Amino acid sequence: MAGVISARAISKSYGDRKAVDGLDLAVEGGAFFGFLGPNGAGKTTTIRMLTGVLRPDSGTITIDGHDSRDRQHIASVIGVVPESRGFYDWMSGEEYLDFFAALYRIGDRARAVRQLLADVGLADRGGTAIGTYSRGMKQRLGLARALVNSPRVLFLDEPTLGLDPQGQEDVQQLLKRLNEGGVTVFYSSHLLHEVAHLCSVIAVINRGRLAAVGTLAELQRQTDSEDLRDIFMALTND
Amino acid sequence: MYRFIWLKDLKAAVHTWKGLVWLLVTALIFSAASYLFLTNRELSLLDQTEMLWLLGKVIIGAALLVTVIDASSLITAEFENETIESLLLSPLSLGGLVLGKLLAALTTWLVVYAAAAPYMVVTAAGSRLTGAFLVYVGLFGTLAVLGFTLLVLAVSFFYRSLRNTLTTSLVILLALALPALFSPVLKTSTLARIAGVANPLDSIFAGLDNVLVDYHTGLAANLGFLVPVLVFCVLALGFLMLSVRAFQRRGIAKD
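These numbers come from a predicted model, not from an experiment.

A word on the overall build of chain A. Of regular secondary structure, chain A possesses nine helices and 10 strands. A compact globule built from 238 residues would reach a C-alpha radius of gyration of about 18 Å, and chain A, at 18 Å, matches this within 12%. Considering only C-alpha atoms, chain A reaches an extent of 50 × 35 × 35 Å along its principal axes. Expressed as a percentage of the 238 residues in chain A, the buried residues total 54%. Across chain A, contacts joining residues at least 24 apart in sequence account for 66% of those joining residues at least 6 apart. Total accessible area on chain A is roughly 10200 Å²; 45% of this is exposed by carbon and sulfur atoms. When the 26 basic and 29 acidic side-chain charges of chain A are each reduced to a single mean position, those positions are 5 Å apart.

Moving on, we get to the interface of chain B and chain A. On the chain A side, the residues contacting the 30 residues of chain B number 31 residues. The largest per-residue losses of area from chain B upon contact with chain A belong to Glu-85, Leu-89 and Pro-91 of chain B, which jointly make up 24% of the total buried on that side. The tally of links from chain B across to chain A stands at one salt bridge. Close ionic contact of Glu-85 of chain B with Arg-48 of chain A constitutes a salt bridge, the shortest N to O distance being 2.9 Å. The tally of links between chain B and chain A comes to 11 residue pairs in polar contact (both at pLDDT 80 or more). Of all the elements in the fold, those that place two or more residues in the side of chain B that touches chain A are α1 (2-15), α4 (84-89) and α11 (223-250) of chain B.

Another point: the pairing of strand β7 (residues 153-157) of chain A. All names here are of chain A. Across the five residues that make up β7, a large majority, five, are buried. Side chains of β7 alternate between two faces, with Val-153, Phe-155 and Asp-157 and Leu-154 and Leu-156 buried alike. Sheet analysis places strand β6 (residues 78-81) next to β7, joined by four bridges and oriented parallel. Counted as the bridge partner of Gly-79 is Leu-154 from β7. For β7 and strand β8 (residues 184-188), the ladder comprises five bridges, and the chain directions are parallel. Note on β8: the bridge partner recorded for Phe-155 is Phe-186.

The rules behind the values
- Residues numbered from 1 in each chain as written.
- Chains lettered and ligands numbered in written order.
- Predicted model: local features only at pLDDT ≥ 70, side-chain atom pairs only at ≥ 80, totals over all residues.
- Heavy atoms only, no water.
- Helix = DSSP H or I, 4+ residues; strand = E, 2+ residues; numbered from the N terminus.
- Rg over C-alpha atoms; globule rule 2.2 N^0.38 Å.
- Buried < 20%, exposed > 50% of the residue type's maximum accessible area, 1.4 Å probe, protein only.
- Contact = heavy atoms within 4.5 Å.
- Areas by Shrake-Rupley, 256 points an atom, 1.4 Å probe, with all protein chains shown as cover.
- Lys, Arg positive; Asp, Glu negative; His and termini not counted.
- Charge placed at Lys NZ, Arg CZ, Asp CG, Glu CD.
- Buried area = accessible area lost by both parts, 1.4 Å probe.
- Salt bridge = Lys/Arg side-chain N within 4 Å of Asp/Glu carboxyl O.
- Polar contact = N/O pair within 3.5 Å; in protein donor to acceptor, adjacent residues only side chain to side chain.
- Pairing = 2+ DSSP bridges.

By themselves, these observations are geometric and do not establish any function.
Next comes the structure, spelled out in structure tokens:
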């Protein structure tokens, strides 16, 4: 598989401010792709454009060979943990996943929901109202929702934010398993050690432009730095 | 897929007690109005048909108030609670989302109408207008609720905030309901007549008057009163389509 995610010269402005400026990205099938950048660099805007909920002002995006405007197809192949993390607090975790499983027309919904809750470690709290969940539990539920359609491409915007170390480890293990099973992972995070540990390819954006992309070894050579933190600083310090 | 959005919003109304509160409030309004019409010394002197006309206005007015308040939160809550992005990421189309929300609002009207039905039957007893009263309040009420819901949903996509949507929608409802408060003399002026023809609420109240006071119960005799309401629904649908298209262009992030 090659070029599962492809963005050519995509731009997006909010008023006079250019959030993303002529960005090119190519992510190969099966990659664990790290996406880094300082606050306001355009990471979330880029993810929203790639996942089809925001139209770029210019440029083209294809996911799994389909234009990102083909919402029905894109929705069927991607799973997303977005930056916005709203839930229906009055629903139980089971009801929430069942609702999304219905939207995705999943066949045996009850079995799928049970499996998803077990995968993210919420099997014993599935019947409880989401309003009573901790932040970390909501993060896990959001991840379960992203997996409801067994996606081939997974977009994650700060998926371990708010999780305790054990929770972070559990999510990392789950993502590794998914990636080993062939799922392409597009992973945006501020936790550099996580990115260094998990990602096979890392891209760094700054002010809406691609600052560098490559394996950790390539970025080390390019910036003459050893640590990913130093690489990040070298690429984003203007 | 609109079915799942519709069911979700119905469940939410039950879980959050919102539905029960609306039912209680409207039942109290209908009880108070019926009690006044039947027992107040001055109001009880009203001709029964006049009383039915007033009760019909109260039912449709209360239903529209409930609709505007309830529908204002249907879309805006998805924005304010940050649940809209997950919905947009699913295979659900925007049309499916809107249809599900529309059906949820119409279900609320159905519940209000069901709560009003016993009051209509009791107050119309012996008048031989019970059937016409039930049919025309149902018909005019459904069209009015449909038009206002479409309008509120359009405003919701435009503002994405409950406060702004609710304020704007209530102002529109108030502006359209205002002529109903004019004295009969004021209504005979040319300007008031022109405004009356274009105003869906005025047409509804005049239509009820035509059915209940003037005994013109046939559909053909009331088409002239239905047309402005239908035009209002079509205009509101057009506004909603424009608003949804603008939302699609702008995307989830506000400029």
